[in-house]
Structure formats: C-alpha cells, structure tokens
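A closer look at the structure
This is what each chain is made of:
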Amino acid sequence: MTAMTDPKPVESWLTDMDGVLVHEEHALPGASEFIAALQEHGRRFLVLTNNSLFTARDLRARLLRSGIEVPEGCLWTSALATAQFLSDQKAGGSAYVIGEVGLTSALHDVGFVLTERDPDYVVLGETRTHSFENITRAIRLIERGARFIATNPDPTGPSPEGSLPATGSFAALITQATGIRPYFVGKPNPLMMRSALNAIDAHSETTIMVGDRMETDVVSGLEAGMRTILVLTGSTKESDVERFPY
C-alpha cells in the first residue's frame with residue numbers, strides 16, 4: 001500500500017530560464033543536456049521567465065545562440081501569462097501598455113485593443129525605453145479608473161554592467177503617485193505556475209519546478225502544489241537558504 005505522503009512519479013517539468021539555463025546569454029553547465037534529456041524521454045516541460053521583453057520566438061533564438069534547443073511552444077513568459085489572465089478577465093478588452101514587443105504581441109494575440117483612450121487596463125511590463133510622458137499617462141489613466149496590472153514584481157534585472165531598474169521599481173513609482181497597487185501576474189504569483197501547468201496539461205502533483213530564486217521560483221512552485229528544486233547557479237546562495245521559512 002502506498003502512503004499518502006509518497007511522491008507520485010514525475011511526468012512534467014517547469015524550469016526558470018535566467019540563472020538556471022543561462023547566465024547573461026551564456027549556457028550554464030548541463031543546461032543543454034537537461035533540456036535534451038526531457039525531449040528524448042518525452043517529458044512535457046516549459047521554460048519560464050518573468051522577462052516580458054521578448055516573444056517566445058525571440059527567446060528561442062536567443063537560447064539557440066547559447067547552444068540550448070527549446071521549441072517555441074515550450075517557452076512561457078510573464079507577458080503570455082498576463083495576456084491569458086486579462087483575456088480570462090475581460091475578453092476583447094483594451095489596455096494602455098508600457099512594454100516591448102513580447103507584451104504587446106501577446107495582448108494582440110488574445111484580441112486586446114491597445115489604446116490610450118479610456119482603456120480597461122494599464123499594463124506595465126519590462127522596457128528599456130521608459131519615458132516621463134508614458135509614466136505620466138499611465139498615472140492619469142489609473143486615476144481615471146483604469147485597472148493596474150504589471151507583468152512581474154522584480155525590482156531589478158541583471159546586465160553586464162550591474163543591476164537595471166525593472167518592472168517592480170516602476171510599478172512602485174506609479175503606486176506612490178496614485179495610491180493604487182498593481183496586480184502582479186508573474187512569479188511569485190502561483191497564478192503563473194498554474195497557467196503554465198494548464199498550458200501543457202500537467203498536474204502539480206507530478207510536476208517539478210526548478211529555479212534559482214527562493215523568493216520567486218521556489219515559493220511560487222510550492223504554493224502551486226509542486227515539488228521544487230533550487231539550483232545554486234543564479235540568485236540564491238546556499239548560505240541564504242536557511243533564512244527562508246519554507
């Protein structure tokens with residue numbers, strides 16, 4: 001008789017991208033072999049990223065240049081998760097978007113209209129071209145009643161020169177100005193994990209989440225009911241682990 005606590009066989013995998021498979025667009029040791037093994041054994045999997053800058057096609061090309069072969073359909077971004085969430089909330093809605101092609105194309109694909117005129121939502125994503133004008137417009141639209149959504153809460157992102165301000169930092173600026181906090185769709189919201197599971201028709205009890213951040217990857221996997229694996233090739237160091245309560 002199998003005990004209720006015995007883990008079920010692993011059938012599917014979710015894995016973070018940056019810090020797990022690549023670091024600054026260079027493949028980490030074993031990453032290519034890991035993805036190849038999943039495909040060889042017919043395991044369903046998705047590569048997840050909170051980065052909303054790029055489309056899945058763009059990310060596939062970037063990973064391929066690093067020597068990692070990932071099918072386009074096996075990439076799940078916070079932009080795709082955000083678009084799906086908004087489509088479920090208000091099919092055929094409208095949004096004012098601060099973001100790049102990864103986000104705008106995902107919203108177009110689910111039938112959203114992108115507009116500056118009385119949108120249903122203000123959607124904030126990753127971009128390298130923030131402007132005072134765009135931030136001001138977002139603030140005024142939210143003050144007029146547009147609902148505030150952000151792809152992810154990450155305050156900074158990596159670059160060869162050091163940290164860059166990311167979506168969470170600009171979301172905080174808009175919140176400070178409006179008093180309205182956004183709903184963050186990406187990790188650590190387990191919603192992103194559940195949408196990823198649904199995308200590959202997987203069950204949390206038979207899926208493992210692999211990540212490099214305790215405060216995003218591990219906690220969201222845990223809250224979505226998955227077993228989690230922390231790798232030490234990215235953000236969280238071994239000496240950090242004991243300070244987390246999970």
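Notes on the structure follow. (Residues numbered from 1 in each chain as written. Predicted model: local features only at pLDDT ≥ 70, side-chain atom pairs only at ≥ 80, totals over all residues. Heavy atoms only, no water.)

1. Quick word on the nonpolar core
Going by this rule: Take the buried Ala, Val, Leu, Ile, Met, Phe, Trp, Tyr and Cys residues and link them wherever side-chain atoms come within 4.5 Å; each set so joined is a nonpolar core. Burial classes: relative accessible area under 20% of the type maximum marks a residue as buried, over 50% as exposed, and values in between as partly exposed (1.4 Å probe, protein chains only). The helix and strand labels rest on DSSP assignments: H or I over at least four residues marks a helix, E over at least two residues marks a strand, and numbering proceeds from the N terminus. Residue contacts are counted whenever heavy atoms from the two residues lie within 4.5 Å of one another.
In terms of nonpolar packing, the biggest core is built from 47 residues, with L14 and V70 touching the most fellow members. Here the element with the most residues in this core is helix α3 (residues 78–89); it accounts for 5 residues. Not counting residues within four places of it along the chain, the set of residues in contact with V70 comprises I35, F45, V47, R60, L63 and L75. If you look at the next biggest cluster of nonpolar residues, it comprises 15 residues, including Y96, I135, I139 and L141.

2. Quick look at the sheet that holds strand β8 (residues 121–124)
Across a sheet, strands are paired by hydrogen bonds formed along the backbone, either parallel or antiparallel in direction. Definition in use: Criterion used throughout: strands pair if DSSP finds at least two bridges between them. Note on method: axes are straight lines fitted to C-alpha atoms, helices fitted across the in-contact stretch only, with angles between N-to-C directions ranging 0 to 180 degrees.
What the 5 strands build is an open sheet, ordered β7-β6-β8-β9-β12; its pairing is parallel. Among the strands making up the open sheet, the edge pair consists of β7 (113–114) and β12 (183–184). Bridging between β8 and strand β9 (residues 147–150) involves 4 bridges; their strand directions are parallel. Its bridge partner being in β9, L124 is matched across the sheet by A150. Sheet strands in contact with helix α5 (residues 132–143) are β6 (94–98), β8 and β9, and its direction is about 150° off that of β6.

3. Quick word on the environment of M17
Locating M17 in the fold gives a position in the loop between β1 (12–16) and β2 (22–23). Distance in space between the C-alpha atoms of M17 and Q84 is 20 Å, their sequence separation being 67 residues.

4. What about the packing of aromatic side chains?
Defined as follows: Each aromatic pair joins two rings of Phe, Tyr and Trp (for Trp, the six-membered one) with centres within 6.5 Å, and gets the label stacked for planes under 30 degrees apart, edge-to-face for over 60, and tilted for any other angle. Remark: a charge is flagged as sitting over a ring if the NZ atom of Lys or the CZ atom of Arg is within 6 Å of the ring centre and within 35 degrees of the ring normal.
Within the structure shown, the criterion is met by 4 aromatic pairs. Taking the centre distance of 5.6 Å and the plane angle of 80° together, the rings of W13 and F34 count as edge-to-face. With W13 in strand β1 and F34 in helix α1 (residues 31–40), this pair connects stretches of sequence that are 21 residues apart. Seen from their ring centres, F244 and Y246 are 5.6 Å apart, and the 50° between their planes marks the pair as tilted. Using a relative accessible area of 15% as the deciding quantity, one classes F244 as buried. Lying across the ring of F54, R62 places its NZ or CZ 4.0 Å from the centre. When the ring centre of Y121 is taken as origin, the NZ or CZ atom of R147, which lies over that ring, is 4.7 Å away.

5. Details of the sheet that holds strand β4 (residues 44–49)
With parallel pairing, the 5 strands of this open sheet are ordered in space as β5-β4-β1-β13-β14. The two strands at the open ends of the sheet, each matched to only one other strand, are β5 (75–77) and β14 (227–230). With direction set aside, neighbouring strand axes in the sheet form an average angle of 25°. Pairing analysis gives 3 bridges linking β4 to β5, with the strands arranged parallel. Directly across from L48, in β5, lies its bridge partner W76. On the sheet, α1 packs against β1 and β4 and is oriented at approximately 145° with respect to β4. Contacts between helix α8 (residues 214–223) and the sheet are confined to β1, β13 (207–211) and β14, with β14 contributing the most and set at about 160° to the helix.

6. Describing the pattern of salt bridges
If charged atoms from side chains of opposite charge come close, those side chains can pair. What counts here: In the sections that follow, a salt bridge refers to a side-chain nitrogen of Lys or Arg positioned within 4 Å of a carboxyl oxygen of Asp or Glu.
Overall, the coordinates contain 11 salt bridges when judged by the stated rule. Between R44 and E11 there is a salt bridge, and its shortest N-O distance comes to 3.6 Å. Of the two residues, R44 is situated in strand β4 and E11 in the segment before β1; the sequence distance between them amounts to 33 residues. A residue is classified by how much of its surface remains accessible, and E11, at 39% relative accessible area, is partly exposed. We note a salt bridge from R128 to E126, for which the minimum N-O separation is 3.7 Å. Residue classification places R128 among the partly exposed positions, given a relative accessible area of 48%.

Distances and angles like these do not, on their own, reveal function.
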